[in-house]
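# Examination of the molecular architecture
Each chain is listed here by its residues.
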Amino acid sequence: MLDSMRRLPTLLVLTLFCVPLMAQAETLTYQPLFHIERSKNANIVQYDAQVAADGKLFKKEPVIGYWIRLNEQGQKQELSWLQRTFAYGFKTKLDKSRESAEINMKADVGQPIRVARDGDKFRAIITIDGAPSYFDRMYIDATRKGMSLDVRYVELFGEDMETGEARYEKLTP
């Protein structure tokens, strides 16, 4: 009983500081940007813009990436440290206005991916076959050779920003 009474002031102080912080937690919405498909299986890596309540990109983490396990039951799963570090991770550079960002992927597509507002949503933008395009998906055809991965080719799919026509480009290492 005495121990409980000694802990009470500590609990009250924690409650006074933690509850307001939890109440101020930002409400985020997620807007799909693009995904990566692979020859290995049906699972995909999905990339989304995180949009804050003010309609701008979330300052702390404007873009997130995660698995969608289509081979199983479509559940979401975080990327592992190895996957984030060597294959599907990225670095994001957010502009000061929080209206756009630049993504540099670990899976090199030879150019950064720009995230920018298009009307009321954010979209991924890259150059596909010489034309600025809304980027929808990437397909990676690769085979495992021992401990390494041999990428045979990468395909980029999107939509021409001016004409709305489908855009496609095949990259070979």
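Let us look at the structure shown here. (Residues numbered from 1 in each chain as written. Predicted model: local features only at pLDDT ≥ 70, side-chain atom pairs only at ≥ 80, totals over all residues. Heavy atoms only, no water.)

## Digging into the overall build of the protein
- A tally of helices and strands in the protein yields two helices and eleven strands.
- In the protein, the succession of α and β elements from N to C terminus is α-β-β-β-β-α-β-β-β-β-β-β-β.
- A burial count over the protein gives 35% of its 173 residues as buried.
- Restricting to contacts in the protein with at least 6 residues of sequence separation, those with at least 24 account for 38%. (Helix = DSSP H or I, 4+ residues; strand = E, 2+ residues; numbered from the N terminus. Buried < 20%, exposed > 50% of the residue type's maximum accessible area, 1.4 Å probe, protein only. Contact = heavy atoms within 4.5 Å.)

## Some points on the environment of Ile44
- Here Ile44 is to be found in strand β2 (residues 44-51).
- Through-space distance from the C-alpha of Ile44 to that of Trp67 is 5.8 Å; in sequence the pair is 23 residues apart.
- Residue contacts for Ile44: discarding those within four places in its chain leaves His35, Ile36, Glu37, Tyr66, Trp67, Ile68 and Leu70.

## A closer look at the nonpolar core
- One finds Phe34 and Phe135 to be the most contacted residues of the largest nonpolar core, which totals 28 residues.
- Among the elements of the structure, β1 (29-38), β2, β3 (63-69), β6 (100-105), β7 (113-118), β8 (121-128), β9 (131-145) and β10 (148-160) are those that each provide at least two residues to this core.
- Beyond its immediate sequence surroundings of up to four residues, Phe135 is in contact with Leu33, Phe34, Ile113, Ala124, Ile125, Ile126, Ile128, Leu156, Phe157 and Gly158. (Core = buried A, V, L, I, M, F, W, Y, C linked by side-chain atoms within 4.5 Å.)

## Points about the environment of Ile36
- Considering the arrangement of structural elements, one finds Ile36 in strand β1.
- Taking relative accessible area as the criterion, Ile36 reaches 0% and is therefore assigned buried.
- Sequence separation between Ile36 and Ala107 is 71 residues, and the spatial gap between their C-alpha atoms is 9.8 Å.
- If sequence neighbours within four positions are ignored, Ile36 has contacts with Asn43, Ile44, Val45, Tyr47, Tyr88, Met105, Met138 and Ile140.

## Quick notes on the side chain of Ser100
- Secondary-structure assignment places Ser100 in strand β6.
- Ignoring sequence-local partners within four residues, the contact set of Ser100 consists of Leu57, Leu94, Asp95, Val115 and Ala116.

## Description of unusual backbone geometry
- Positive phi outside glycine occurs at Arg98, with the angle close to 65 degrees.
- Mapped onto the elements of the fold, Arg98 is located in the loop between β5 (90-94) and β6.
- Here Arg98 falls in the buried class, since its relative accessible area comes to 17%.
- The residue Asp129 is not glycine, and still its phi comes out positive at about 50 degrees.

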